[in-house]
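Structural description and commentary
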Amino acid sequence: MASHVPPGAPRPASKANNPPSSQPPTNFRANPDSLADNLHNLNFNSAPPRAPSPLPGTPFSRQATQPLPPSVSPFPPTFSHPAPFASRPPLVSSASGGLASTGQPVFASGALPGGQQRFPPLGSAPQPPVRPPPTMAMATATARAHPQPQPQPPTTTSRPLIRSSPIRTPPVQPASPFSVAPQARQPPTTAYTYGQPTWPLQPGQGAPPPPITGSPQPPRMYGMPPPLPNQSMTSVSPAVRQTGAPVPGASKIDPNQIPRPIPGSSVILHETRQGNQANPPPPATSDYIVRDTGNCSPRYMRCTINQIPCTADLLTTSGMQLALMVQPLAIPCPSEETVQVVDFGESGPVRCSRCKGYINPFMKFIDQGRRFICNFCGFTDETPREYHCNLGPDGRRRDADERPELCRGTVEFVASREYMVRDPMPAVYFFLIDVSMNAIQTGATAAACGAINQVIADLPEGPRTMVGIATFDSTIHFYNLKRALQQVYNPLMLVVPDVQDVYTPLQTDVVVQLSECRQHLELLLESIPTMFLENRTAESAFGAATKAAFMAMKSTGGRLLVFQSVLPSIGIGALSAREAEGRTHISAGEKEAHKLLQPADKTLKAMAIEFAEYQVCVDVFITTQTYVDIASIAVIPRTTGGQVYYYYPFSAVSDPAKLYNDLRWNVTRPQGFEAVMRVRCSQGIQVLEYEGNFCKRIPTDVDLPGIDCDKTIMVTLKHDDKLKDGSECAFQCALLYTTVYGQRRIRVTTLSLPCTSILSNLFRSADLDTQFACFLKQAASEIPFSPLLLVKDRMTNLCVNILLSYRKFCATVTSSGQLILPEALKLLPLYTLALIKSKGLQTDGRIDERSFWINYLSSISIPLAIPFVHPRMVAIHDLNSKEGDQPLVPPVISLSTEHVNDGGIYLLENGVDCLIYIGNLVDSDILRQLFCISSVDEIPAQFVLQQYDNPLSKKLNDLVNEIRRQRCSYLRLKLCKKGDPSGMQFFSYMIEDKSSSGLSYVEFLVHVHRQIQLKMSS
Ligand SMILES: [Zn+2]
């Protein structure tokens, strides 16, 4: 049984300081104090003190570290100046960092509070099981036993339109077409996932969400009052003649009247079901609080359409795609109840004996509760005797409201023995560091060692946490971590010279318990940059080193974190500088250009599949100033549930802070190991394909050696039968995984949606953010295999076909001079344009940059997918002019040069990069306050945001930190100015402008309209 403080859990001291609160959780918008507390501790940016960093004589002194005062940066002081080339790179002392405070939550550097519960109470957190039902004798089958048909290849999406029973209902013009159903961005003052990753367990599980006091507007229930009018739509009237020819200049369109995202101004309260009906969720990019009343929270799973078309024809007619976005370990907001853990004892959870679907609120109990009907396959099962309960007058079980599995859309079952092929694996972290000449000289090795040194302080200490470390250049160097401490200054290095046929020396002493080697490891990490200071080996045996590290971890599995700085050039999996060859191809004609975005060969893929088989998840941190062939390298993280981090061009000044924060979030975020996931659907629908970072060995399941709260898997669906109008279609995602505390769990997420045979219902219940995230992921997976123009055309066609279907079958406006957009999807053209103009679809981008773009999208969540291609821009020069309680994030500005003045400063962020554009005519006083420079000419190439002693500077720091919290990412900051490449980079995001990468927004609307007219008349 899970105890409150399992081995390896947050240190008891922190618990004592922060006992789980029995009070209702603080509202995540309205409690100014808690927000202030967080901000108080949120100083990533302030000037690091120059104090010398003491040697960590006693590595445990950090236990006594006090929370950092606002003026102290958690970021190691030694990185405040550039590492001189070929001199000893600066080291990081964990003692000076003070990040591992066990005191009150220190919100250090954008990751997690250093104190209590480092792992938020998701599946990985200790939670008492809820009311264990009596043990049952009933046998259940294993997770893999579900007989599902083989997936079919994906259908193409350029579908012919089928004229099936046109649905025409009178159009209703909304009073203000742009004020309904805001496509909200993150409202500003919200403490989002990053900000308050710790929140108390909720004792009152059934309690309604707390009231939102202090909210500027009263909360509204999404989906209540009744949905939008059936034909709610936005119409714009581009200057197009009946013939379809655009009027020159298209001047009749008022650019101020075309659809743009409007940030929501208040938190939305969302109950997943009301009156026994599914409630359509608020937009994924909005700010909401969910109450799970039977359907899962949309954070875990949401569908592209919130009503399921009864037939495949109806879906085809709509032009839309049917897919689920699943983020099984997503972080709930602090005001939401945590997922409840249910323990059925040795018998395991109740399941359908035919399809193995898990018990959920939509299984119907009949015959006085003695039997139940499965909502997936329709089979009627006997209720296990121990699980029997009588039905109430409403036909539900009398205990339904007391059993989470019968009243909640998401529950977590304690896995019984039969879900384990071995004992749950320990938490193993292996760090593999590039020490080739380039890595040493650029300061990348020092940055990696510094980041690791600080992060090991955040790893849960206990018998279940194990670590290992190795370095590599043209050979691989392991370290015996069990050597006595006095020998540490001359560590026992075990060199593996053979990089073709790799082996691992002394397996047992290479990966050891963290508690046994913590001090040794810290000193070793400090020594590594010095040990290789004179290294002149330029070669890098990345593939061989990764394989050797894998072999060291093979017996347990775990997380392998690789720090790579140059192109892998030697040993197994060596790569060549294809980019240079590629340029010739591009100039010769771009037919073959996309091939550079494919992996160079199959060696790394084969290795990755083997890694996945042994539950090793690989993350690669690329700290480089050259081409490294991300397209080839990324195969390993993508196949093993990991991800690629990219720091280009690596800067020893500005990147170590980001590297540290990324690494810290990587190891401390909610996560699981050795996972298997499957989605089940009601009869009539089946899974077509899974898309994301995983390994697939059998058609029905995906293997996830690692799964974390940020990873999202797209699940495309198809019909294999008709669904009954008025019935419901259910989807269930089951994730079997091991928590970092070594518990085997099954997280079961269920969503039941109504079926419809009415086309306009599909448009009304379309989920824009989810649909567009699908577009993005599809584009990303196609780019390496198709000429770019083809991908752009396909994306435009996806958009056009949806709008055409709406125009043709749902709108009754007869004038073809009107472009009619369905209300729910009115931003689709803007987002599509943003996609077409994005980095991944540019021929002139660097190959590695495009490869990173593609790989980043493969596992991205919906809330991060939208800003990644349609960034957020705000003005920061006038932050001071606002009075009183203003939101931290100022109003969003449309992405057009028109709104960028020479006298202003603008911040633009996409969740990865944060560009600050400084106009030529900015008041020098503002420049001094914000950046301590007196003119634009003094803008530094490498920028570290500092906090100066003035209100404007504080507001900018607060803003940047708020964005980091919302995006769960540290973001790379860069200052930009007109007339140099940085300015061009900034203006390349002005999506609404006409540019070399495409049409203006207005022109694109005209183009889309034209396409619709052509298809209507053909
Ligand atoms: Zn079934």
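Residues numbered from 1 in each chain as written. Predicted model: local features only at pLDDT ≥ 70, side-chain atom pairs only at ≥ 80, totals over all residues. Heavy atoms only, no water.

What follows deals with the overall build of the chain. A count of helices and strands for the chain gives 25 helices and 33 strands. Out of the 1018 residues belonging to the chain, those deemed buried represent 65%. Roughly 34,700 Å² of accessible area belongs to the chain as shown, and the carbon and sulfur atoms make up 55% of that amount. (Helix = DSSP H or I, 4+ residues; strand = E, 2+ residues; numbered from the N terminus. Buried < 20%, exposed > 50% of the residue type's maximum accessible area, 1.4 Å probe, protein only. Areas by Shrake-Rupley, 256 points an atom, 1.4 Å probe, with all protein chains shown as cover.)

On to the coordination of the zinc ion. Around the zinc ion, the donor atoms from the protein are Cys352 (SG), Cys355 (SG), Cys374 (SG) and Cys377 (SG), and they sit 2.2 to 2.3 Å away. Counting the intervening residues between successive donors of the zinc ion yields the motif C-x2-C-x18-C-x2-C. Here Cys355, found in the loop between β10 (340-342) and β11 (364-366), pairs with Cys377, found in the loop between β12 (371-373) and β13 (380-382); they are 22 residues apart in sequence, far enough to count as distant. Of the two residues, Cys355 and Cys377, both sit in the buried class. (Donors = N, O, S within 2.8 Å, 3.2 Å for Na, K, Ca; no water.)

One can find Leu841 in the loop between α19 (828-836) and α20 (847-858). In this structure Leu841 comes out as buried when scored by relative accessible area, which is 0%. Along the primary structure Leu841 and Trp853 are separated by twelve residues, whereas in three dimensions their C-alpha atoms are 9.5 Å apart. Setting aside residues no more than four positions away along its own chain, Leu841 makes contact with Ile783, Leu788, Val791, Lys792, Leu835, Ile836 and Trp853. (Contact = heavy atoms within 4.5 Å.)

Along its 14 residues, helix α15 (residues 655-668) runs 20 Å from first to last C-alpha, staying within 8% of the 20 Å computed at 1.5 Å per residue. With 14 of its 14 residues buried, α15 lies for the most part within the structure. (Expected span 1.5 Å × (residues − 1).)

With that out of the way, let us pick up the packing of α19 against helix α25 (residues 1001-1017). Look at α19 against α25: their axes get within 10 Å of each other, and the N-to-C directions meet at 110°. Between α19 and α25, the interaxial angle falls into the category roughly perpendicular. α19 and α25 meet at a crossing whose hand is right-handed. Side by side, α19 and α25 meet where Pro829, Leu830, Thr832, Leu833 and Ile836 of the first sit next to Tyr1001, Phe1004 and Leu1005 of the second. Residue composition of the contact of α19 with α25, grouped by class: seven nonpolar, one polar and no charged. (Axes fitted to C-alpha atoms, helices over the stretch in contact; angles between N-to-C directions. Parallel < 35°, antiparallel > 145°, perpendicular 65-115°, else oblique. Left-handed = near helix turned anticlockwise from the far one by under 90°. Nonpolar A, V, L, I, M, F, W, Y, C, P; charged D, E, K, R; others polar.)

Let's shift gears to the sheet that holds strand β26 (residues 713-719). Across the sheet, which stays open at both edges, the four strands sit in the order β7-β9-β26-β24 with antiparallel pairing between neighbours. Edge strands, defined here as strands with exactly one partner in the open sheet, are β7 (301-303) and β24 (685-691). Across the sheet, the mean angle from the axis of one strand to that of its neighbour is 25°, orientation sign disregarded. As paired elements, β7 and strand β9 (residues 323-326) share three bridges and run antiparallel to each other. (Pairing = 2+ DSSP bridges.)

One pass over the structure, following the stated rule, counts zero disulfides. In this model Cys296 remains outside any disulfide bridge; the closest cysteine sulfur is found in Cys733, 9.0 Å from its own. Classification of Cys296 as buried rests on a relative accessible area of 3%. Cys729 supplies the cysteine sulfur nearest to Cys755, a cysteine that is in no disulfide, at a spacing of 5.2 Å. (Disulfide = S-S within 2.5 Å.)

So, on to unusual backbone geometry. What you tend to see is this: most non-glycine residues have negative phi, and most peptide bonds are trans. For the peptide bond that leads from Tyr648 to Pro649, omega is -15°, which places it in the cis range. Relative to the assigned elements, Pro649 resides in the loop between β22 (644-647) and α15. In this model, Gln368 sits at a positive phi of 55°, which is unusual for a non-glycine residue. Relative to the assigned elements, Gln368 resides in the loop between β11 and β12. Residue Gln368 is classed as partly exposed on the basis of its relative accessible area of 44%.

What follows concerns the pattern of salt bridges. This model, assessed by the stated rule, comprises 39 salt bridges. Between Arg299 and Glu336 there is a salt bridge, with its nearest N and O atoms 2.6 Å apart. One end of the pair, Arg299, is in the loop between β6 (288-291) and β7; the other, Glu336, is in the loop between β9 and β10, with 37 residues separating them in the sequence. Judged by its relative accessible area of 10%, Arg299 falls in the buried class. Measuring nitrogen to oxygen at the nearest pair gives 2.8 Å for the salt bridge that ties Asp958 to Lys954. (Salt bridge = Lys/Arg side-chain N within 4 Å of Asp/Glu carboxyl O.)

What follows deals with helix α12 (residues 603-613). For α12, the full list of buried residues reads Leu604, Met607, Ala608, Phe611 and Ala612. Taken end-on, α12 shows its buried residues confined to a sector of 140°, consistent with a single buried face. Taken together, the buried residues of α12 touch α10 (542-553), β21 (616-623), α13 (630-633), α14 (635-640) and β25 (702-708). (Arc of directions from axis to C-beta.)

For the coordinates displayed, the defined rule picks out 22 aromatic pairs. Measuring from centroid to centroid gives 4.6 Å for Tyr856 and Phe868, while their planes differ by 45°, and the two rings are tilted. Of the two residues, Tyr856 is situated in helix α20 and Phe868 in helix α21 (residues 862-869); the sequence distance between them amounts to twelve residues. Neither residue differs from the other here; Tyr856 and Phe868 are each classed as buried. One aromatic cluster is present, built from ring pairs that chain together Phe344, Tyr358, Phe365, Phe372, Tyr387 and Phe413. The lysine or arginine in question, Arg299, covers the ring of Tyr288, its NZ or CZ lying 4.2 Å from the ring centre. (Phe/Tyr/Trp six-rings, centres within 6.5 Å; stacked < 30°, edge-to-face > 60°. Lys NZ or Arg CZ within 6 Å of the ring centre and 35° of its normal.)

This next bit is on the side chain of Arg747. Topologically, Arg747 is positioned in strand β28 (residues 744-756). Separated by 3.1 Å, the side chain of Arg747 and the backbone oxygen of Pro328 make a polar contact. There is a polar contact of 2.6 Å between the side chain of Arg747 and the side chain of Glu412. (Polar contact = N/O pair within 3.5 Å; in protein donor to acceptor, adjacent residues only side chain to side chain.)

With that out of the way, let us pick up the sheet that holds strand β30 (residues 872-875). Here four strands make up an open sheet; going across it, the order is β30-β31-β32-β33 and the pairing mixed. Two strands bound the open sheet, and with one partner strand each, they are β30 and β33 (972-977). Each adjacent strand pair in this sheet contributes to an overall mean axis angle of 20°, direction not counted. Running over the sheet, helix α23 (residues 951-967) touches β30, β31 (905-909) and β33 and is turned about 15° from β31.

Looking now at the side chain of Thr623. In this structure, Thr623 sits in strand β21. When sequence neighbours within four positions are dropped, the list of residues in contact with Thr623 reads Ala444, Gln564, Ser565, Tyr647, Phe650 and Leu659.

Put simply, the chain has an average pLDDT of 78, and 72% of its residues get 70 or more. This stretch, residues 1-234, has a pLDDT under 50; its non-local contacts, to residues over four places away or in other chains, come to 619 contacts. With pLDDT under 50 throughout, residues 238-251 is counted as low confidence; its partners more than four residues away or in other chains account for 30 contacts. (pLDDT = per-residue confidence, 0-100.)

Between helix α18 (residues 788-809) and α25, the least distance of the axes is 9 Å, while the angle of their chain directions is 60°. Between α18 and α25, the angle falls in the class oblique. Considering how the two elements wind past one another, α18 and α25 form a crossing that is right-handed. For the pair α18 and α25, contact is made by Thr796, Asn797, Val800, Asn801, Leu803, Leu804, Arg807 and Lys808 and by Phe1004, His1007, Val1008, Gln1011, Ile1012, Lys1015 and Met1016, respectively. Its residues assigned to classes, the contact of α18 with α25 comprises seven nonpolar, five polar and three charged.

So, about the environment of Met325. Here Met325 lies in strand β9. Looking at Met325, the relative accessible area reads 2%, which means it is buried. Separated by 390 residues in sequence, Met325 and Val715 have C-alpha atoms that sit 6.2 Å apart. In contact with Met325, not counting residues within four places along its chain, are Tyr300, Met301, Arg302, Thr712, Ile713, Met714, Thr770, Ala773, Cys774, Lys777 and Ile862.

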